[in-house]
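Residues per chain are reported as follows:
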Amino acid sequence: MRFSQHYLGCLSHASYLVADELSKRAVVVDPQRDVSAYLMEASSRGLTITHVVETHFHADFVSGHLELAAETGAEICYGAAAGETSFPTRLLSDGERLALGDGDDGVVLEVWETPGHTPESISLLVYEHANDDVPYGVLTGDTLFIGDVGRPDLLASVGVTADDLARRLYASTRRLLTLPDEVRVFPAHGAGSACGKNLSTETESTIGEQRRSNYALQDLDEDEFVRLVTEGQSVAPLYFSFDAQRNRETRALLDETTPPPALTMDEVLKLQADGAIVVDTRDPQEFAAGHLRGSRNVGLGGRFAEYAGDVIRPDDRVVLVGEPGTETEGMVRLARIGFDVVVGHLDKPYRTFLARPDLVVSSSHVTAAQLDEARSSTPGLVVVDVRNPGEIEASGAIPGARSIPLARLLASLDELDPAAPTVVHCAGGYRSSIAASVLASAGFTDVSDLVGGYDAWAATAS
C-alpha cells in the first residue's frame, strides 16, 4: 500500500492519496482544488487515480474533485446520504468496500456512514490487505479530529439544527470508538480550522490516544456531549455557506498556472471605480507604510484565503496588489475557496507607487499605551474587537470595546460611525490590519489598528 497525506497549512486541510502498489490503482480523498500535487505523485509512482472520494460537502474550501475527474477520468464518490449533485457521482453505501487491489492481498477502503458534522458525512477504513481483521487507519473527514470533533452548527441556515446533528455525531463518534486502539486516525483538518474549536497541531493519532485525550470522546451521556460540542464555537467564516453549495455544483475548472493579467494603475483605478475590490497581499507593515487608497489588506503570510473570504464576496471582482511574482499564488489561494473573479494584478507596484504618490496613503497605528491614554482623552473613541467570542471569553477584553468578529464586519458597517475615531484590534495584529483597511475602504476617516493587539494591551494593563 502507498498512503500519503497532503497537508495545506493555510487552510489547515489534510487530503490523502491511497494506492495499491501492485494494481497501481489509487484513490484521492478530500482533495484541495489545485490538484497538481496528486497528479505529480501518481505520475512519479506509475499510479492511475480511479476514484475521488469526498467525506462530505466541504464548507471551508472548494474541493478539487472536478479538476481530478477532468484530468484522470476518476469517478467522484460521496456517501449515500449526499443526494443529488449537478455532476455525475457514485454514492457509496454504509459497509460498501472499494477495492484498489486484486484478491485478498489488495488494498481496500470500507465506507462507514458517520453523520453529525453534516448529514452525509462518511469515514473510510483503510485496509492494507482485504482480509485483515484490523484496519491500518481510518480517514475521519470532519467527524473526528485530533483533540476534537466536527462542529454540528454549520447547516443551521438551511434548516438542519445543531442539536439534531450533534446527536447524530454522538452516535458516529461512539461507532468509531468500537475500532481497536491501534487504528490510526487521519482527519481532514488540523489546528486553526474553523470546522472545530479545539483541534490539535498533530495531523494523525490513534483511536486509543483519542479515547484517552479527546474531550468529546470521554464518558459523556448524549445531552452532555451535545452541550459540549455546540458551545463556544467560533463565528463561521463568511464564505462557508457559499462553498458548501459550490461543492454540489458544476463549475469552471481551475487553471493553477496562468497568472492573472498585469494591469496599469489607470486600469486598476477604473476597475476600482466600477466596484472591483483591490486586495493588497503584502504583510501589514508593508501595507501600512504605503498602499493604494481604498485597498484592503489581507497578507499572504497568514491564513489568506480564510480571512479574504471574510472581507470580500464570492462574486466580487478582485485586483491583486502584492510582491512581484506572488500574483499566481494569490489567485490560486482565492480559488481554493471558490473566489474565482480575479481580474488582474497591478504591474510593478512599487515603481507605480513612486510614480503616483498622490494615490498612496499610509495606515495609522497606535500602541497599547497610546490607546490607554486615548480612551480617557479622545471623545467618542470607538474600540472594535474583531476576535471571536471564544477568544474574548478565554483572554478578556478591553473595557468598553465593541465585539464584532471579523466574519461579521462587512454586515456590521452600518452599526459604526464612519466619522468617529476608531481603533481596531485582534489578538496580535494580523486581523486588525485587515479590519482597519476594510473600514478605511468604506470611508471611515479616522481608523487605527492596535500594534500587538489585545496581547500587547493586556501586558501593558497588567
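Residues numbered from 1 in each chain as written. Predicted model: local features only at pLDDT ≥ 70, side-chain atom pairs only at ≥ 80, totals over all residues. Heavy atoms only, no water.

K.L.:
Mind showing me how you'd approach the overall build of the protein chain here?
P.N.:
What the protein chain contains, in helices and strands, is 15 helices and 26 strands. In terms of C-alpha radius of gyration, the protein chain reaches 24 Å, essentially the compact-globule figure of 23 Å for 462 residues. Considering the protein chain as a whole, with its 462 residues, one finds that 55% of them fall into the buried category. Taking the intrachain contacts of the protein chain between residues at least 6 apart in sequence as the baseline, contacts between residues at least 24 apart amount to 68%. Of the accessible surface of the protein chain, which amounts to about 18,200 Å², a share of 50% is contributed by carbon and sulfur atoms. Taking the 37 positively charged and 69 negatively charged side chains of the protein chain as two groups, their mean positions are separated by 3 Å. (Helix = DSSP H or I, 4+ residues; strand = E, 2+ residues; numbered from the N terminus. Rg over C-alpha atoms; globule rule 2.2 N^0.38 Å. Buried < 20%, exposed > 50% of the residue type's maximum accessible area, 1.4 Å probe, protein only. Contact = heavy atoms within 4.5 Å. Areas by Shrake-Rupley, 256 points an atom, 1.4 Å probe, with all protein chains shown as cover. Lys, Arg positive; Asp, Glu negative; His and termini not counted. Charge placed at Lys NZ, Arg CZ, Asp CG, Glu CD.)

K.L.:
Hey, could you run me through the pairing of strand β8 (residues 108-113) in this one?
P.N.:
Residues in a regular strand project their side chains so that they alternate between the two faces of the sheet. Counting buried residues in β8 gives 5 out of 6 residues, a clear majority hidden from the surface. Two elements, strand β7 (residues 97-99) and β8, share 3 bridges in a ladder whose sense is antiparallel. Bridged to Arg97 within β8 is Glu110. Looking at chain direction, β8 and strand β9 (residues 122-127) are connected through 6 bridges and run antiparallel. Bridging across to β9, Glu113 finds its partner in Ile122. (Pairing = 2+ DSSP bridges.)

K.L.:
Would you mind showing me how to read the pattern of salt bridges here?
P.N.:
Oppositely charged side chains may form a pair once their charged atoms are brought near each other. Counting across every chain of the model gives 31 salt bridges. Where Glu96 meets Arg90, a salt bridge forms, and the shortest distance between an N and an O atom there is 3.0 Å. Residue class for Glu96 comes out partly exposed when judged on its relative accessible area of 23%. Residue classification places Arg90 among the partly exposed residues on the basis of a relative accessible area of 26%. (Salt bridge = Lys/Arg side-chain N within 4 Å of Asp/Glu carboxyl O.)

K.L.:
Just checking my understanding: could you explain the sheet that holds strand β15 (residues 262-263) for this structure?
P.N.:
Sheets are built from strands that pair by backbone hydrogen bonding, the pairs being arranged parallel or antiparallel. Ordered by their spatial adjacency, 5 strands build an open sheet running β15-β20-β19-β16-β18, and the pairing between neighbours is parallel. The open sheet has two edge strands, β15 and β18 (296-297), and neither has a second partner.

K.L.:
Sorry if this is basic, but what is going on with the packing of aromatic side chains here?
P.N.:
Any aromatic ring pair is given by two values, namely how distant the centres are and how the planes are angled relative to each other. If you walk through the whole model with that rule in mind, you get 12 aromatic pairs. Members of the aromatic cluster, connected to one another through ring pairs, are Phe3, Tyr16, Tyr136 and Phe186. Across the ring face of Tyr127, the terminal group of Arg97 is positioned such that the distance to the ring centre comes to 4.6 Å. Positioned above the aromatic ring of Tyr454 is the side chain of Arg387, whose terminal nitrogen or guanidinium carbon lies 4.3 Å from the ring centre. (Phe/Tyr/Trp six-rings, centres within 6.5 Å; stacked < 30°, edge-to-face > 60°. Lys NZ or Arg CZ within 6 Å of the ring centre and 35° of its normal.)

K.L.:
Sorry, what's going on with the sheet that holds strand β4 (residues 48-53) here?
P.N.:
If you walk across this open sheet you meet the 6 strands as β1-β2-β3-β4-β5-β6, and the pairing is mixed. Across the chains shown, the open sheet's two edge strands, defined by having one partner strand only, are β1 (2-8) and β6 (90-92). Looking at each pair of strands side by side, their axes are set apart by 25 degrees on average, direction ignored. Here 5 bridges tie strand β3 (residues 25-29) to β4, and the two strands are oriented parallel to one another. Within β4, the position partnered with Val28 by the bridge is Val52. Together, β1, β2 (13-19), β3 and β4 form the strand contacts of helix α1 (residues 36-45), whose direction differs from that of β1 by roughly 155 degrees. (Axes fitted to C-alpha atoms, helices over the stretch in contact; angles between N-to-C directions.)

K.L.:
Would you mind showing me how to read the pairing of strand β26 (residues 447-450) here?
P.N.:
On β26, burial covers both faces: Val447 and Asp449 on one face and Ser448 and Leu450 on the other are all buried. Both strand β22 (residues 364-366) and β26 contribute to a ladder of 3 bridges, which runs parallel. Looking at β26, one finds that Ser364 is bridged to Ser448. Note that strand β25 (residues 422-425) and β26 share 3 bridges and pair parallel. Bridge pairing in β26 places Val423 opposite Ser448.

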